[in-house]
Amino acid sequence: MSEEKTASVQFEDENNEEQVSTDINPQEINENPEKYARQMAESRATEYDQMAGFSVPRDFVMIPSKGRVYPPTSALHNVEEVEVRHLTAADEDILTSRALLRSGKAMDTMLANVIMNKQIRVEELISGDKNALLTFLRITGYGPEYPVEIDCPACDENVKHDFDLSQLKMKFLDVDPVQEGENRFNFLLPSGIEIEFKLLNSAEDAKITEEQEKARRATNSPIDKVVTTRYKTQIISVDGKDDQIFINNFVNTMNLRDSRAFRTYLDEIDPDVIMKQDFKCPMCGHGEEVEIPITVGFFWPES
Ligand SMILES: [Zn+2]
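Residues numbered from 1 in each chain as written. Predicted model: local features only at pLDDT ≥ 70, side-chain atom pairs only at ≥ 80, totals over all residues.

This brings us to the overall build of the protein. On a plain count of helices and strands, the protein comes out with 10 helices and 12 strands. In the protein, which comprises 303 residues, the proportion classed as buried is 22%. (Helix = DSSP H or I, 4+ residues; strand = E, 2+ residues; numbered from the N terminus. Buried ≥ 20, exposed ≤ 12 C-beta atoms within 10 Å, placed from the backbone.)

Moving on, we come to helix α6 (residues 127-142). With 16 residues, α6 extends 22 Å between its outermost C-alpha atoms, agreeing within 8% with the 22 Å of an ideal straight helix rising 1.5 Å per residue. Residues of α6 that are buried: Ser127, Gly128, Asp129, Lys130, Asn131, Ala132, Leu133, Thr135, Phe136, Leu137 and Ile139. Among the structural elements, β2 (58-62), β3 (81-85), α5 (106-114), β6 (169-172), α7 (202-219) and β10 (272-274) are those in contact with the buried residues of α6. After α6 finishes, the residue glycine 143 shows a positive phi value of roughly 95 degrees. (Expected span 1.5 Å × (residues − 1). Contact = placed C-beta atoms within 7 Å.)

Strand order across the open sheet formed by three strands is β7-β8-β9, with antiparallel pairing between neighbours. Strand pairing shows two members of the sheet lacking a second neighbour, β7 (185-188) and β9 (235-238), which therefore form its edges. Geometrically, the sheet is characterised by an average inter-axis angle of 25 degrees between neighbouring strands, direction not taken into account. (Pairing = 2+ DSSP bridges. Axes fitted to C-alpha atoms, helices over the stretch in contact; angles between N-to-C directions.)

If a strand is regular, its side chains alternate between the two faces of the sheet. Sheet analysis places strand β11 (residues 276-280) next to strand β12 (residues 287-291), joined by five bridges and oriented antiparallel. In the strand pairing of β12, glutamine 277 is matched with valine 290. Connecting β11 to the next strand, β12, in antiparallel fashion are six residues, including glycine 285 with a positive phi near 85 degrees.

Quick look at the environment of cysteine 155 now. Following the sequence through the fold, cysteine 155 ends up in the loop between β4 (145-151) and β5 (158-164). By the C-beta count within 10 Å, which is 12 here, cysteine 155 ends up exposed. For the pair formed by cysteine 155 and histidine 286, sequence separation is 131 residues and the distance between their alpha carbons is 8.2 Å. Beyond its immediate stretch of four places on either side in the chain, cysteine 155 contacts Cys281, Met283, Cys284 and His286.

With their axes 9 Å apart at the nearest point, helix α8 (residues 226-234) and helix α9 (residues 244-252) run at an angle of 150 degrees to one another. The angle between α8 and α9 places the two elements in the roughly antiparallel class. Seen from above, α8 lies across α9 with right-handed handedness. Contacts between α8 and α9 pair Thr228, Tyr231 and Lys232 from the former with Ile247, Asn248, Val251 and Asn252 from the latter. (Parallel < 35°, antiparallel > 145°, perpendicular 65-115°, else oblique. Left-handed = near helix turned anticlockwise from the far one by under 90°.)

A word on the environment of serine 191. You can see serine 191 is positioned in the loop between β7 and β8 (194-197). Using a count of 10 C-beta atoms within 10 Å as the deciding quantity, one classes serine 191 as exposed. Taking the C-alpha atoms as reference, serine 191 lies 9.8 Å from methionine 254; in sequence the two are 63 residues apart. Non-local contacts of serine 191, meaning those with residues more than four positions away in its chain, are made with Asn255 and Asp258.

The subject of this paragraph is unusual backbone geometry. Its identity is not glycine, yet lysine 66 carries a phi of approximately 55 degrees, on the positive side. Turning to its location among the elements, lysine 66 is positioned in the loop between β2 and β3. Residue classification places lysine 66 among the partly exposed residues on the basis of 17 C-beta atoms within 10 Å. The phi dihedral of aspartate 156 falls on the positive side, at around 70 degrees, and the residue is not glycine.

With that settled, consider α9. When we look at burial in α9, the residues that qualify are Ile247, Phe250 and Val251. Buried residues of α9, seen end-on, are gathered within an arc of 95 degrees and therefore sit on one face of the element. More than 90 degrees from the buried face of α9, the exposed residues found are Ile245 and Asn252. Buried-residue contacts for α9 involve α8 and β9. (Arc of directions from axis to C-beta.)

Where helix α3 (residues 89-96) contacts α5, the two axes come as close as 8 Å, and the packing angle between them is 160 degrees. Taken together, the axis directions place α3 and α5 in an arrangement best described as roughly antiparallel. Classified by chirality, the crossing of α5 by α3 is right-handed. Contact residues: α3 offers Asp91, Ile94 and Leu95, while α5 offers Ala106, Thr109, Met110, Asn113 and Val114. When its residues are assigned to classes, the contact of α3 with α5 shows five nonpolar, two polar and one charged. (Nonpolar A, V, L, I, M, F, W, Y, C, P; charged D, E, K, R; others polar.)

That is the geometry; function is a separate question.
What follows is the structure, encoded as structure tokens:
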């Protein structure tokens, strides 16, 4: 069972600045110099925060993993919300920088800039957590309306549809990792084999996509090795054996029933923004819930 909540990707502007009293009573300075020093330090820190942020609004964004897959050494360990500032014109420069776009680093560079806690490493974010931050930034930066052209599943007509990103829901992690603070989960396959797997981070996701592209170009094969490439990265042990060659062999010969069961389980527990919404076709009137396609328009709206 997966837990769904609205409001998580609904982002209200909040004023997070804490009020620090700077009213100091001279008598109090003598009585409590430590308190005075602390108040001064706090007030300077607040001033500095405001200067550094140039009053760009900030918000806390809930992440679907609730920080439960990050080790105690990580700045994301058990962190349920990540503080980010909203996008500025300078961030837009990053998002449209050709050099960064070519290297695929535009999104990560932008994220590293807007995440307030600089101890957080963007590469370690699992994909679902990253999607939550990106969706938040898209909504606050460009608004929740997301116009995309899609093919109607019924009449196959290519139609324009406005999705409303503010209505997206988030699926939170609600199974326990094998160990607290470890990105490691177990699953018993229908064949009786027990596997352990991890949730992929965006760097691993990008690497898989890259390998798939390479394989496609090299072999010119129409068969995508999407599933096996992904499993070889995602599965970290098979019946307790964590040798990569053993895992690769296992994946190559994994039966269809095991593969399906694993994929279904992954879909069920993988914490992420649920990128699905109702669609109604203006041509034939057909309505159904569809996957929201992520196109360049997500961060580079045309108008
Ligand atoms: Zn239609």
